[in-house]
Amino acid sequence: MGDGIDRERLLTFLGFGNPTAEAVFIGMEEGLTLPPPLEEQLVSRSGFEPLMDLGESAKAHPERFLSGDRPPIQSTWNPIIRILLALEGVRSASTDEVRAYQRDRLGRTGERGALIELLPLPAPGIAHWPYAEIFPAYPTRERYLTEQKPKRIKLLRGHLAYGPRIVVAYGSQYWDDYKQLFPNHRAWRRSGPFEVADDGRTRVILTPHLTARQMNGQRGALIDLALGNAVP
């Protein structure tokens, strides 16, 4: 079972994009879609760098959001891409500009952004745990969380020590975990549905999940915060 799977490498995988990204986006865990079979995907992922180029990763299993002339826009990536374009001066990107960025630039090691996950293993949702046989040490999601979350917080804290300009961490149920990544950020303050803190180098913005109802009508406010505008 699991021949060719490097479990340690999978558990220390960070995400996709530039290892010293100016803008870092942190979610809880990567989504899992099948096919190809999970074990086949894990064999491919066992060869990933800790920060992998998203375009390179998709070569093994072509990704519908990255393929073709007009791929569908992935809903979580949409506001992320709009922030990245705003950092380049494109404050109100068109749908076509978002689509082109997603297809050609998102998660690339030579760009200014990175997509990082608090937890390392992709999953189809919190109610399903497909790793009991592949990772016998983690027969349940609860066991996995208990052991891996502290390790991941330490790992991500070390990675982020270089000091990105902006971090957007999404999913309000994980705000307490995200705050542990930034021990020097103490003066958290509320701004609408967000919490924000600065340490003189990195602005951290905690948000609801980027597709949550609380984010309706909040895209402009989030972009303003990411661009460094003052918090009310």
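In this report, we go over the structure that sits alongside the text. (Residues numbered from 1 in each chain as written. Predicted model: local features only at pLDDT ≥ 70, side-chain atom pairs only at ≥ 80, totals over all residues. Heavy atoms only, no water.)

Scanning the protein from N- to C-terminus turns up eight helices and eight strands. Relative to the compact-globule value of 17 Å for 232 residues, the protein shows a C-alpha radius of gyration of 17 Å, a close match. Along the first, second and third principal axes, the C-alpha atoms of the protein reach 55 × 45 × 30 Å. Buried positions account for 51% of the 232 residues belonging to the protein. For the protein, the proportion of contacts with a sequence separation of at least 24, taken over those separated by at least 6, is 70%. Counting every atom, the protein has about 10900 Å² of accessible surface; 50% of that belongs to carbon and sulfur. Across the protein, the mean location of the 29 positive side-chain charges is 6 Å away from that of the 28 negative side-chain charges. (Helix = DSSP H or I, 4+ residues; strand = E, 2+ residues; numbered from the N terminus. Rg over C-alpha atoms; globule rule 2.2 N^0.38 Å. Buried < 20%, exposed > 50% of the residue type's maximum accessible area, 1.4 Å probe, protein only. Contact = heavy atoms within 4.5 Å. Areas by Shrake-Rupley, 256 points an atom, 1.4 Å probe, with all protein chains shown as cover. Lys, Arg positive; Asp, Glu negative; His and termini not counted. Charge placed at Lys NZ, Arg CZ, Asp CG, Glu CD.)

Bringing the environment of Gly 171 into the picture now. Examined against the element boundaries, Gly 171 turns out to sit in the loop between β5 (166–170) and α7 (175–179). For the pair Gly 171 and Ile 26, spaced 145 residues apart in sequence, the C-alpha separation works out to 9.0 Å. Beyond its immediate stretch of four places on either side in the chain, Gly 171 contacts Tyr 178, Thr 207, Pro 208 and His 209.

Orientation of helix α4 (residues 77–87) relative to helix α5 (residues 95–104), taken along the N-to-C sense of each, is 95°, at an axis distance of 10 Å. One element, α4, and the other, α5, form an angle in the roughly perpendicular class. Here Trp 77, Asn 78, Ile 81, Arg 82, Leu 84 and Leu 85 of α4 come into contact with α5, specifically with Thr 95, Glu 97, Val 98, Tyr 101 and Gln 102. (Axes fitted to C-alpha atoms, helices over the stretch in contact; angles between N-to-C directions. Parallel < 35°, antiparallel > 145°, perpendicular 65-115°, else oblique.)

Looking now at helix α2 (residues 38–45). Buried within α2 we find Leu 38, Gln 41, Leu 42 and Arg 45. Seen from one end, α2 has its buried residues packed into an arc of 100°, which puts them on one side. Contact partners of the buried residues in α2: α1 (7–11). (Arc of directions from axis to C-beta.)

One finds Val 24, Ile 26, Leu 121, Tyr 131, Phe 135, Tyr 178 and Leu 181 to be the most contacted residues of the largest nonpolar core, which totals 37 residues. Within the residue set of this core, elements represented by two or more residues are α1, β2 (23–27), α2, β4 (113–117), α6 (141–159), β5, α7 and β8 (203–207). With three residues, α6 is the largest single contributor of residues to this core. Discounting residues that sit within four places of it in the chain, Tyr 178 has contacts with Ile 26, Gly 27, Met 28, Leu 118, Ala 169, Tyr 170, Gly 171 and Leu 206. One finds Phe 25, Leu 115, Leu 210 and Leu 225 within the second-largest nonpolar core, a separate group that totals 35 residues. (Core = buried A, V, L, I, M, F, W, Y, C linked by side-chain atoms within 4.5 Å.)

Direction vectors running N to C along α4 and helix α8 (residues 219–226) enclose 45°, while the axes themselves pass 10 Å from each other. Taken together, the axes of α4 and α8 are oblique relative to one another. The crossing of α4 and α8 is right-handed. From α4, Asn 78, Arg 82, Ile 83, Ala 86 and Leu 87 reach across to α8, where they touch Arg 219, Leu 222, Ile 223 and Ala 226. Per-class residue counts for the contact of α4 with α8 are six nonpolar, one polar and two charged. (Left-handed = near helix turned anticlockwise from the far one by under 90°. Nonpolar A, V, L, I, M, F, W, Y, C, P; charged D, E, K, R; others polar.)

The next point concerns the pairing of β2. Most of β2 is tucked away: five of the five residues are buried. As defined by bridge partners, β2 adjoins β4 across five bridges and the pair is classed as parallel. Each bridged residue has a counterpart across the sheet, and for Phe 25 the counterpart in β4 is Leu 115. Here β2 pairs with β5 via four bridges, running parallel. When the sheet's bridge partners are listed, Ala 23 is paired in β5 with Ile 166. (Pairing = 2+ DSSP bridges.)

The next point concerns the sheet that holds β2. One open sheet accounts for eight strands, arranged β3-β1-β4-β2-β5-β8-β7-β6; its pairing is mixed. What marks the edges here is a single partner per strand, and that holds for β3 (51–52) and β6 (189–191). The pairing of strand β1 (residues 15–17) with β3 spans two bridges and is parallel. By the bridge assignment for β3, Gly 15 is matched with Leu 51. Most of the contacts of α8 go to β8, to which it runs at about 160°, and overall it touches β5, β6, β7 (194–198) and β8.

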